[in-house]
Amino acid sequence: MSNNETLRENKRAEMIGDYVKAKGLSAKMYQDYGWEAKPIPR
């Protein structure tokens, strides 16, 4: 993982997207507590 926060967050979003796809889930957004929801990359 990179120390660059943007790269780290992009990779995290990509991994969440991979998980959603692999499990056949219908989720379109993810959200950390206290932060706005973000779209899951497809």
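Residues numbered from 1 in each chain as written. Predicted model: local features only at pLDDT ≥ 70, side-chain atom pairs only at ≥ 80, totals over all residues. Heavy atoms only, no water.

Caption draft 1: Quick look at the overall build of the protein. Scanning the protein from N- to C-terminus turns up one helix and two strands. In the protein, the succession of helices and strands from N to C terminus is α-β-β. Here the protein holds 42 residues, and 12% of them are scored as buried. At a minimum sequence separation of 6, the contacts of the protein that also span at least 24 residues come to 14%. Total accessible area computed for the protein in this model is approximately 3900 Å², and 54% of it derives from carbon and sulfur atoms. Computed over 8 positive and 6 negative side-chain charges, the separation of the two mean positions in the protein equals 7 Å. (Helix = DSSP H or I, 4+ residues; strand = E, 2+ residues; numbered from the N terminus. Buried < 20%, exposed > 50% of the residue type's maximum accessible area, 1.4 Å probe, protein only. Contact = heavy atoms within 4.5 Å. Areas by Shrake-Rupley, 256 points an atom, 1.4 Å probe, with all protein chains shown as cover. Lys, Arg positive; Asp, Glu negative; His and termini not counted. Charge placed at Lys NZ, Arg CZ, Asp CG, Glu CD.)

Caption draft 2: Examining the environment of lysine 28 more closely. With respect to the element layout, lysine 28 can be found in the loop between α1 (5-23) and β1 (29-30). Note on lysine 28: relative accessible area 59%, which makes it exposed. A sequence separation of 11 residues divides lysine 28 from proline 39, and the C-alpha atoms of the two residues are 5.8 Å apart. When residues no more than four places from it in sequence are discounted, the contact partners of lysine 28 are Lys38, Pro39, Ile40 and Arg42.

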